[in-house]
Amino acid sequence: MSNQESSNTATNKKVILSGMQPTGRLMIGNYAGALRNWNALQHTHDCLFCVVDMHAITVRQKPADLRRTSLDVAALYIASGIDPEKSVIFLQSHVPQHAELAWVLTCLTYMGECSRMTQFKEKSEKHSETVGLFTYPILMAADILIYQADLVPVGADQKQHLELTRNLAERFNHYYSDTFVVPDPYIPPDGHRIMSLQEPDKKMSKSDSNQKSTLFLTDSPDEIRNKIKRAVTDSGTEIRMDEARPAVSNLLTLYQIATSKPMADIEAHFAGKNYAELKSELADAMIALLEPVQAEYNRLMDDKTYLEQILKDGAEAARRRAHKTLRKVYKKTGFVPAFS
Ligand code: TYM
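### Focus on the overall build of the chain
Thought 1: In terms of helices and strands, the chain carries 13 helices and five strands.
Thought 2: The C-alpha radius of gyration of the chain comes to 21 Å, within 12% of the 20 Å expected for a compact globule of 340 residues.
Thought 3: Over its C-alpha atoms, taken along the principal directions, the chain stretches across nearly 70 × 45 × 40 Å.
Thought 4: A total of 340 residues make up the chain; the buried ones form 51% of that total.
Thought 5: The contacts in the chain between residues at least 6 apart in sequence include a share of 75% that link residues at least 24 apart.

### Some words on the side chain of Ser 18
Thought 1: By the element assignment, Ser 18 lies in strand E1 (residues 15–20).
Thought 2: Here Ser 18 is in contact with Trp 38, Leu 48, Phe 49, Cys 50, Val 152, Pro 153 and Val 154, once residues within four sequence places are set aside.

### Quick look at the confidence of the model for the chain
Thought 1: Looking at the chain, the pLDDT average stands at 95 and 97% of residues meet or exceed 70.
Thought 2: Taken together, the stretch residues 1–6 has pLDDT below 50 and engages in 19 contacts with residues farther than four places along the chain or on a different chain.

### Description of the packing of aromatic side chains
Thought 1: Applying the stated criterion across every chain, the model contains nine aromatic pairs.
Thought 2: When the centroid spacing of 4.3 Å and the interplanar angle of 5° are considered together, the rings of Trp 38 and Phe 49 count as stacked. Of this pair, Trp 38 sits in helix H1 (residues 28–41) while Phe 49 sits in strand E2 (residues 46–51); the two residues are 11 residues apart in sequence, bridging distant segments of the chain. Phe 49 matches Trp 38 in its accessibility class, with the two residues each being buried.
Thought 3: Here the aromatic rings of Phe 172 and Tyr 176 are separated by 4.5 Å at their centres, their planes lie at 40°, and the arrangement is tilted. One end of the pair is Phe 172 and the other is Tyr 176, both in helix H8 (residues 159–176) and four residues apart, which spans about a single turn.

### A word on the pairing of E1
Thought 1: Within E1, five of the six residues are buried, leaving the element largely enclosed by the surrounding structure.
Thought 2: Here E1 pairs with E2 via six bridges, running parallel. Bridge pairing in E2 places Leu 17 opposite Leu 48.

### A few points about the domain arrangement of the chain
Interface extent is often summarised as the accessible area lost during association of the parts.
Thought 1: According to the domain assignment, the chain consists of domain 1 (3–191 + 304–333) and domain 2 (211–298).
Thought 2: Spacing between the C-alpha centres of domain 1 and domain 2 amounts to 30 Å.
Thought 3: In this complex, domain 1 contributes 15 residues to the contact, which on the side of domain 2 involves 16 residues.
Thought 4: Across the domain 1 to domain 2 interface the summed buried area is about 1400 Å²; carbon plus sulfur atoms make up 71%.
Thought 5: Area buried by domain 1 at its contact with domain 2 is led by Arg 25, Ile 28 and Ala 79, which between them contribute 42% of it.
Thought 6: At the surface where domain 1 touches domain 2, the tally comes to one salt bridge.
Thought 7: Across the pair Asp 219 and Arg 25 runs a salt bridge whose closest N-O atoms are separated by 3.7 Å.
Thought 8: Here domain 1 and domain 2 share four residue pairs in polar contact (both at pLDDT 80 or more) between them.
Thought 9: The set of elements that each furnish at least two residues to the side of domain 1 that touches domain 2 consists of H1 and helix H3 (63–79).

### Considering the site of the ligand
Thought 1: Taken together, 27 residues lie around the ligand, and Tyr 136, Asp 143, Asp 157, Ile 194 and Lys 206 are the ones closest in.
Thought 2: Separating a nitrogen atom of the ligand from a backbone N or O atom of Gly 29 is a distance of 3.0 Å.
Thought 3: For the shell around the ligand, the secondary-structure elements that each account for two or more residues are E1, H1 and helix H7 (131–145).

### Some thoughts on the pattern of salt bridges
When the charged atoms of two side chains with opposite charge come close together, those side chains can pair.
Thought 1: Applying the stated rule across the entire model yields 17 salt bridges.
Thought 2: The closest approach of N and O atoms between Asp 184 and Arg 166, which form a salt bridge, is 2.9 Å. Taken together, the residues span a long stretch of sequence, with Asp 184 in strand E5 (residues 184–186) and Arg 166 in helix H8 at a distance of 18 residues.
Thought 3: Residue Asp 184 is classed as partly exposed on the basis of its relative accessible area, which comes to 25%.

### As for unusual backbone geometry
Thought 1: The backbone of Ser 177 shows a phi angle near 105°, a positive value even though the residue is not glycine.
Thought 2: Within the fold, Ser 177 resides in the loop between H8 and E5.
Thought 3: A relative accessible area of 36% means that Ser 177 is categorised as partly exposed.
Thought 4: With a phi angle near 60°, Ser 260 is a residue other than glycine that sits in the positive phi range.
Thought 5: On the secondary structure map, Ser 260 appears in the loop between helix H10 (246–259) and helix H11 (263–270).
Thought 6: Overall, the relative accessible area of 67% leaves Ser 260 in the exposed class.

Conventions adopted
Residues numbered from 1 in each chain as written. Predicted model: local features only at pLDDT ≥ 70, side-chain atom pairs only at ≥ 80, totals over all residues. Heavy atoms only, no water. Helix = DSSP H or I, 4+ residues; strand = E, 2+ residues; numbered from the N terminus. Rg over C-alpha atoms; globule rule 2.2 N^0.38 Å. Buried < 20%, exposed > 50% of the residue type's maximum accessible area, 1.4 Å probe, protein only. Contact = heavy atoms within 4.5 Å. pLDDT = per-residue confidence, 0-100. Phe/Tyr/Trp six-rings, centres within 6.5 Å; stacked < 30°, edge-to-face > 60°. Pairing = 2+ DSSP bridges. Domains from an automatic or database assignment. Buried area = accessible area lost by both parts, 1.4 Å probe. Salt bridge = Lys/Arg side-chain N within 4 Å of Asp/Glu carboxyl O. Polar contact = N/O pair within 3.5 Å; in protein donor to acceptor, adjacent residues only side chain to side chain. Near = heavy atom within 4 Å.

The structure is reproduced here in structure tokens:
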């Protein structure tokens, strides 16, 4: 099966799968690198979006926090425009087939493939070096392959994981015969790597210990204004994109994300202006972008029954699809079908 082929024959639409870890509140990097594109793609693709709670426990989580953040992330998907009528929204732990496929794929993965992963190297410096942290990208491959996804919209930091996913799909197809669609990453040209407001050579992260570094989707207008005001800047005064000046480039990218204007127009607009003006206009644009998201998020959090119903329906739909692939995989692997 080639990755050119549409894998949902019922709808004739290409399949998309993506997810986010509920390891903290979602932030503007998650929106710029992923959510924004999920939003646009859901009109033309057959989309599944999961909250990857099983990935979150590769780093120690307080159970009460994980429960709260998982629902929070699901609500923010919807508040940012993911329409549950169009897309399947669910929690990873509600679909056991992800973990089952992950085991089969684990047995096809070489130790060296996991130990090469940049994210593993970075995370194992900060957290306990568990086997879960090591095999994490295999579970991610299973998330994608179990739905025969054609396309995976993510930020640039996930590229290496996507390469492993492709390799595992090809390896399984080669060894057992064509089974999996080999998925392509979908990495946006702009906003694929939003940097920290305090350390612009480091990517913005939802779990940064310095909260001033990160613009959360649920930050109040005052918090947004303050964080942007205190964002570090580079030397030089010109306001334009420049690789050698990561701080100003990051602020301009954020302005582009908030306004959806072409970068050339933005640079022309800020020509001759100073950092204070850029920061003030960026704060206004960011507040305007996030206001409707926050209003919808608050409404959803006040109506947990609605949210739970969406996640229940989503999990049922996802399980049906995942079951089909897993049955095929188990058969090809040589497992005797369960006796009924
Ligand atoms: P996670 O939870 O770290 O991030 C969720 C999404 O946000 C993107 N992202 C960023 N984009 C731009 N700038 C940033 N500073 C930034 N930080 C994060 C990420 O690239 C991602 O698209 N392993 C994944 C979760 C995952 C997944 C999957 C994704 C598990 N299974 C299957 C896609 C398909 C992760 O840790 O993302």
